[in-house]
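Structural overview
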Amino acid sequence: MDVVVGQLFTGLSLGSILLLAALGLSLTFGQMGVINMAHGEFIMAGCYTTYVVQKVFSSAGVSLLVSLVIGFLVGGALGAALEMGLIRWMYDRPLDTLLVTFGVGLVLQQAARDIFGAPAKNVLVPEFLGGGVTILGAVVPKTRIFILVLAVVAVIVLAIALKTTPLGRRIRAVVQNRGLAETSGVSSRFTDISTFFIGSGLAGVAGVALTLIGSTSPTIGQSYLIDAFLVVVIGGLGQIKGTVIAAFALGLLNSFIEYSTTASIAKVVVFVVIVIFLQVRPQGLFTVRTRSLA
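An account of the accompanying structure is given in this report. (Residues numbered from 1 in each chain as written. Predicted model: local features only at pLDDT ≥ 70, side-chain atom pairs only at ≥ 80, totals over all residues. Heavy atoms only, no water.)

Observations regarding a nonpolar patch on the surface
A contiguous nonpolar surface patch, about 390 Å² in accessible area, is contributed by Val 268, Val 272, Ile 276 and Val 280. Along the chain, Val 272 falls in helix α12 (residues 263–280). (Patch = residues over 30% accessible without salt bridge, like charges linked within 9 Å, V, L, I, M, F, W, Y side chains within 5 Å. Areas by Shrake-Rupley, 256 points an atom, 1.4 Å probe, with all protein chains shown as cover. Salt bridge = Lys/Arg side-chain N within 4 Å of Asp/Glu carboxyl O. Helix = DSSP H or I, 4+ residues; strand = E, 2+ residues; numbered from the N terminus.)

Structure below.
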């Protein structure tokens with residue numbers, strides 16, 4: 001029983017990490033259709049933000065809380081700058097967007113090496129997150145529980161913001177029909193920038209969370225980028241609820257398969273399952289309704 005519970009929480013933990021990494025993509029890729037290959041580097045920026053902030057604050061707990069806010073702002077600023085500097089000219093050129101953002105990602109990786117050096121950096125875990133909690137005989141690390149709670153809170157806040165705030169309504173209006181939204185007085189430019197800011201800011205938050213379970217390196221974001229894209233595609237483009245379900249489903253599937261085999265075989269099996277699923281349901285779990293005639 002304790003083995004099953006342990007694998008269950010391992011899967012939920014992996015799913016929460018995938019969810020944090022994919023949540024921002026559900027906006028920039030899922031809702032706006034932009035293939036941002038630099039999203040992984042925004043996650044990396046959140047990791048290094050935590051490392052820098054911890055140099056300022058002596059308390060690891062305080063630095064973590066501050067890092068969540070600053071990490072969101074740093075990731076959001078990078079995303080807004082990318083949108084205003086490059087993406088705004090390429091909304092109808094997805095291949096060019098992919099190549100350009102891939103290049104931007106490489107530039108950011110090299111910038112991280114120049115600033116922080118190639119060796120991996122470690123961040124201290126706050127004392128209140130040290131050790132684990134025993135649940136039904138299985139020991140679950142507090143850091144994993146914190147990441148799971150953080151992912152759930154991020155989803156709830158994002159869902160409420162999209163449904164109840166003026167900015168959320170503008171984002172949904174532009175997604176459904178950009179031309180009609182503009183004729184109704186909605187500024188699509190402000191909405192595009194805001195969407196990139198929020199989506200990239202969530203990537204920064206994901207980076208802060210990742211420092212609790214491993215070291216930080218210039219390529220850390222690339223380890224989660226492809227999986228994050230897969231989560232968004234499986235859940236359905238622009239569908240937050242689909243992203244949540246897909247992230248935890250892949251996390252649980254990978255956890256239980258890896259337990260009975262190896263990590264490499266689990267990756268292969270999960271990928272095969274994804275391919276079969278997309279053959280049966282290429283639109284993903286859910287689809288977004290639009291009023292576009294294009």
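Structure's up, so let's keep going.
Brief notes about the environment of Phe 271
Locating Phe 271 in the fold gives a position in helix α12. On a C-alpha basis, the gap between Phe 271 and Ser 255 in space is 14 Å, while along the polypeptide they are 16 residues apart.

Looking at a positive patch on the surface
On the surface, Lys 163, Arg 169, Arg 172 and Lys 241 cluster together into a positively charged patch. Residue position: Lys 163 is located in helix α6 (residues 142–164). With a relative accessible area of 63%, Lys 163 lands in the exposed category. (Lys, Arg positive; Asp, Glu negative; His and termini not counted. Charge placed at Lys NZ, Arg CZ, Asp CG, Glu CD. Buried < 20%, exposed > 50% of the residue type's maximum accessible area, 1.4 Å probe, protein only.)

Some thoughts on the nonpolar core
Across soluble globular proteins, you tend to see nonpolar side chains buried next to one another. Core analysis: the largest hydrophobic core is formed by 62 residues, its most contacted members being Leu 19, Leu 20, Leu 23 and Leu 158. Among the elements that line this core, the one with the most residues is helix α9 (residues 188–210), at nine residues. Those residues in contact with Leu 158 that sit more than four places away from it in its chain are Leu 23, Leu 27, Ile 198, Leu 202 and Ile 240. (Core = buried A, V, L, I, M, F, W, Y, C linked by side-chain atoms within 4.5 Å. Contact = heavy atoms within 4.5 Å.)

Observations regarding the pattern of salt bridges
Under the criterion given, the structure shown has four salt bridges. With its nearest N and O atoms 4.0 Å apart, the salt bridge here joins Asp 192 to Arg 189. On the criterion of helical spacing, the pair formed by Asp 192 and Arg 189 is a turn pair, its members being three residues apart in helix α9. Linked through salt bridges whose partners overlap, the residues forming this network are Glu 83, Arg 189 and Asp 192.

Some points on the packing of α6 against α9
The geometry of α6 relative to α9 is characterised by a closest axis approach of 11 Å and an angle of 170 degrees between their N-to-C directions. When the axis of α6 is compared with that of α9, the two are roughly antiparallel. Every residue of α9 that contacts α6 at Ile 147, Leu 150 and Leu 158 is listed here: Ile 198, Leu 202, Val 205 and Ala 209. For the contact of α6 with α9, the class distribution of residues is seven nonpolar, no polar and no charged. (Axes fitted to C-alpha atoms, helices over the stretch in contact; angles between N-to-C directions. Parallel < 35°, antiparallel > 145°, perpendicular 65-115°, else oblique. Nonpolar A, V, L, I, M, F, W, Y, C, P; charged D, E, K, R; others polar.)

Quick word on the packing of aromatic side chains
Summed over the entire model, instances satisfying the criterion amount to four aromatic pairs. When the centroid spacing of 6.2 Å and the interplanar angle of 80 degrees are considered together, the rings of Tyr 51 and Phe 116 count as edge-to-face. With Tyr 51 in helix α3 (residues 39–56) and Phe 116 in helix α5 (residues 94–116), the pair connects residues that are 65 residues apart, well separated along the chain. Judged by relative accessible area, Phe 116 falls into the partly exposed class, the value being 21%. Seen from their ring centres, Phe 72 and Phe 197 are 5.7 Å apart, and the 85 degrees between their planes marks the pair as edge-to-face. Residue Phe 72 is found in helix α4 (residues 60–85), and its partner Phe 197 is found in helix α9; the two are separated by 125 residues along the sequence. A residue is classified by how much of its surface remains accessible, and Phe 72, at 25% relative accessible area, is partly exposed. Members of the aromatic cluster, each reached through a chain of ring pairs, are Tyr 48, Tyr 51 and Phe 116. One cation-aromatic arrangement involves Arg 88 over Trp 89; the distance from NZ or CZ to the ring centre is 4.5 Å. The ring of Phe 286 carries the charged tip of Lys 241 above its face, separated from the ring centre by 4.5 Å. (Phe/Tyr/Trp six-rings, centres within 6.5 Å; stacked < 30°, edge-to-face > 60°. Lys NZ or Arg CZ within 6 Å of the ring centre and 35° of its normal.)

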